[in-house]
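# Report on the structure
The lines below spell out each chain.
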Amino acid sequence: MALWRIETCKVETGDRSNTSIYNAIRTGLFTKPVAIGQRAKAWPDYEVKAIVRARIAGQSDDEIRELVNRLHAKRLDQQGMV
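In this report, the structure presented in the accompanying data block is examined. (Residues numbered from 1 in each chain as written. Predicted model: local features only at pLDDT ≥ 70, side-chain atom pairs only at ≥ 80, totals over all residues. Heavy atoms only, no water.)

### Structural notes on the nonpolar core
In terms of nonpolar packing, the biggest core is built from 18 residues, with Cys-9, Ile-21, Phe-30 and Trp-43 touching the most fellow members. Looking at this core, the elements that each hand over two or more residues are α1 (6–13), α2 (18–26), α3 (45–56) and α4 (61–81). Here this core takes five residues from α3, the largest share from any one element. Apart from the residues within four sequence positions on either side, Cys-9 is in contact with Trp-4, Ile-21, Phe-30, Trp-43 and Val-48. (Core = buried A, V, L, I, M, F, W, Y, C linked by side-chain atoms within 4.5 Å. Buried < 20%, exposed > 50% of the residue type's maximum accessible area, 1.4 Å probe, protein only. Helix = DSSP H or I, 4+ residues; strand = E, 2+ residues; numbered from the N terminus. Contact = heavy atoms within 4.5 Å.)

### Quick notes on the side chain of Asp-45
Within the element layout of this structure, Asp-45 appears in helix α3. Those residues in contact with Asp-45, other than ones at most four positions away along the chain, are Met-1, Ala-2 and Trp-4.

### So, the sheet that holds strand β1 (residues 3–4)
Here three strands make up an open sheet; going across it, the order is β1-β3-β2 and the pairing antiparallel. Both edges of this open sheet fall to β1 and β2 (34–35), since each of them pairs with a single strand only. Of the pairings in the sheet, the one linking β2 to strand β3 (residues 41–44) comprises two bridges and is antiparallel in character. Opposite Ala-35, over in β3, you have Lys-41 as the bridge partner. Set on the sheet, α3 makes contact with β1 and β3; between it and β3 the angle comes to about 60°. (Pairing = 2+ DSSP bridges. Axes fitted to C-alpha atoms, helices over the stretch in contact; angles between N-to-C directions.)

### Focus on the packing of aromatic side chains
Following the criterion strictly, the structure yields two aromatic pairs and no others. Of the aromatic side chains, those joined through ring pairs into one cluster are Tyr-22, Phe-30 and Trp-43. (Phe/Tyr/Trp six-rings, centres within 6.5 Å; stacked < 30°, edge-to-face > 60°.)

### Notes on the pattern of salt bridges
A complete count under the given rule lists five salt bridges for this structure. Taking the shortest distance from any N to any O, the salt bridge between Lys-10 and Glu-7 comes out at 3.2 Å. With a gap of three residues between them, Lys-10 and Glu-7 both fall in helix α1, about one helical turn apart. (Salt bridge = Lys/Arg side-chain N within 4 Å of Asp/Glu carboxyl O.)

Below, the structure is given as structure tokens:
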């Protein structure tokens, strides 16, 4: 698993601005970042890839919100395993 900073996420998703990523987070269409430092955040690559695959597959916003919720739940499960 790799952690991608926002610039890589923008390239992968086709977004042009940081704001578009953070707006997607606010509307539940993108996962929240994880802290990798005091002022640094990143996203697990598999989460970004899953969201992109869902978009390509033509999933609705509601379906993508469900996916985002599952991805967040998976994070919590992984934390419990450590």
